[in-house]
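Now for the letters of each chain:
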Amino acid sequence: MPVNNIKLNNGVLMPEIGLGTWKANEEGTLAKTIKTAIDLGYRHIDCAKIYGNQKEIGSALSELKVPRNELFIVSKIWQNKHRPELVEGALDEILEELQLEYLDLLLIHWPYALKPERDDLVFTADDLDNVPIVDTWKAMEALLDTGKVRSIGVSNFNKAILEKLIPQCRIVPAVNQVEIHPYNQGNELVDYCQKNGINITGYCPLGGSKITVMDDEFIKSVAEAHACTPAQVALSWALSRGIAVIPKSTSPTRLKQNLNKVDLSADELRMFAKITKHERKVDPARDIRELEWIFHEDKAQCPLI
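Helix and strand counts for the chain stand at 11 helices and 12 strands. The globule rule puts the C-alpha radius of gyration for 305 residues at 19 Å, and the 19 Å found for the chain is close to it. Sequence-distant contacts, at least 24 apart, represent 74% of the contacts inside the chain between residues at least 6 apart. Carbon and sulfur atoms make up 48% of the accessible area of the chain, which amounts to about 13,700 Å² in all. Averaging the coordinates of the 36 positive side-chain charges in the chain and doing the same for the 43 negative ones gives two points 3 Å apart.

Turning next to the pairing of strand β5 (residues 72–77). The two faces of the sheet receive side chains in turn, since in a regular strand these alternate between them. Counted residue by residue, β5 has six buried out of six residues, so it is predominantly covered. Residue alternation in β5 divides its side chains into two sets, Phe-72, Val-74 and Lys-76 and Ile-73, Ser-75 and Ile-77, and both sets are buried. As defined by bridge partners, strand β4 (residues 44–46) adjoins β5 across three bridges and the pair is classed as parallel. When the bridges of β5 are listed, His-44 appears paired with Phe-72. As paired elements, β5 and strand β6 (residues 105–108) share four bridges and run parallel to each other. Residue pairing for β6: Ser-75 is matched across the bridge by Leu-106. For the handedness criterion, the β-α-β arrangement of β5, helix α3 (residues 84–98) and β6 is classed as right-handed.

In this fold, Gln-177 is placed in strand β10 (residues 175–179). When its relative accessible area of 2% is taken as the criterion, Gln-177 is described as buried. Among all residues touching Gln-177, those that are not within four sequence positions of it are Asp-46, Lys-76, Leu-107, Val-154, Ser-155, Asn-156, Thr-201, Tyr-203 and Ile-246.

To continue, consider the packing of aromatic side chains. Applying the stated rule across the entire model yields three aromatic pairs. Look at Trp-110 and Tyr-112: their rings are 6.1 Å apart centre to centre, the planes differ by 45°, and that puts the pair in the tilted class. Tyr-112 carries the same exposure label as Trp-110, and that label is buried. Chaining the aromatic ring pairs together yields one cluster made of Phe-218, Trp-237 and Phe-272.

Turning next to the environment of Leu-114. Inspection of the secondary structure puts Leu-114 in strand β7 (residues 113–114). When its relative accessible area of 1% is taken as the criterion, Leu-114 is described as buried. Along the primary structure Leu-114 and Arg-170 are separated by 56 residues, whereas in three dimensions their C-alpha atoms are 25 Å apart. Discounting residues that sit within four places of it in the chain, Leu-114 has contacts with Trp-78, Gln-79, Asn-80, Phe-123, Asp-127, Leu-128 and Asp-129.

With that settled, consider the packing of α3 against helix α4 (residues 133–143). Where α3 meets α4, the axes come as close as 8 Å, and the angle between the chain directions of the two elements is 45°. It follows from the interaxial angle that α3 and α4 lie oblique. Seen along the crossing, α3 lies across α4 with a hand that is right-handed. In this structure, α3 contributes Pro-84, Val-87, Glu-88 and Leu-91 to the contact, and α4 contributes Asp-135, Thr-136, Ala-139, Met-140 and Leu-143.

Criteria and thresholds
Residues numbered from 1 in each chain as written. Predicted model: local features only at pLDDT ≥ 70, side-chain atom pairs only at ≥ 80, totals over all residues. Heavy atoms only, no water. Helix = DSSP H or I, 4+ residues; strand = E, 2+ residues; numbered from the N terminus. Rg over C-alpha atoms; globule rule 2.2 N^0.38 Å. Contact = heavy atoms within 4.5 Å. Areas by Shrake-Rupley, 256 points an atom, 1.4 Å probe, with all protein chains shown as cover. Lys, Arg positive; Asp, Glu negative; His and termini not counted. Charge placed at Lys NZ, Arg CZ, Asp CG, Glu CD. Buried < 20%, exposed > 50% of the residue type's maximum accessible area, 1.4 Å probe, protein only. Pairing = 2+ DSSP bridges. Right-handed = clockwise from strand over helix to strand, strands pointing away. Phe/Tyr/Trp six-rings, centres within 6.5 Å; stacked < 30°, edge-to-face > 60°. Axes fitted to C-alpha atoms, helices over the stretch in contact; angles between N-to-C directions. Parallel < 35°, antiparallel > 145°, perpendicular 65-115°, else oblique. Left-handed = near helix turned anticlockwise from the far one by under 90°.

Structure representation (structure tokens):
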């Protein structure tokens, strides 16, 4: 089933529905899932160095019969590679793991830096590194001249950061990948990015874990009215806003369902806008007070941009 494309601000086309691979680490399962997804029509695969599964993804990609130029492969540099002199090496490591000559999109995973020796998810405030985001971004811009990446962007960047960063950019980020679902609608950030030509890609578009989007009575009623799943409703809501989505599933049935967009009515979309429940799956501020500024701009001052 063909997937519609979104034209990024540099003219590159990105499929609006992709396959998420975060926490997809079951040996053997991920490769099978990627092959199934490709057979169903997926062409956009979202990866990251910190996910720890890029070698398996690379092996699966190397066995595909689909031409490379029909795929859209995304990855992200981890925070311990923010120092400008480390950025290109970080990209080279990603390409080696994925067995690729280039990426379609490379993102800065988070808007804060860690010291180079800190290469995992367990860290404290003492591990934070004082690297201005604009320095990392300028190194990202230079990558476009190498032919190793077609587009560059950011992830988990809030409006305050972008407002300070963009005036200093030679190249405006093509994408800002953030958590977006009906319980975390991000209206102000979405509006700002879209007005500035930055595509929003929504991760965790179905909520997940303790985020109960799929159990919402309104969403279930809309799904019943359209004879579809609550997941299809949530994804279609995001797509109707011009937001790309990267849901994760290992079920062939759900992978196929997630590609089927539902035409929501204007009244249904207005009801989505009235949802007041707010829940977030990813929030490092719960663990480290010094990172409050990422999701709570009123609680702490942003670091050096």
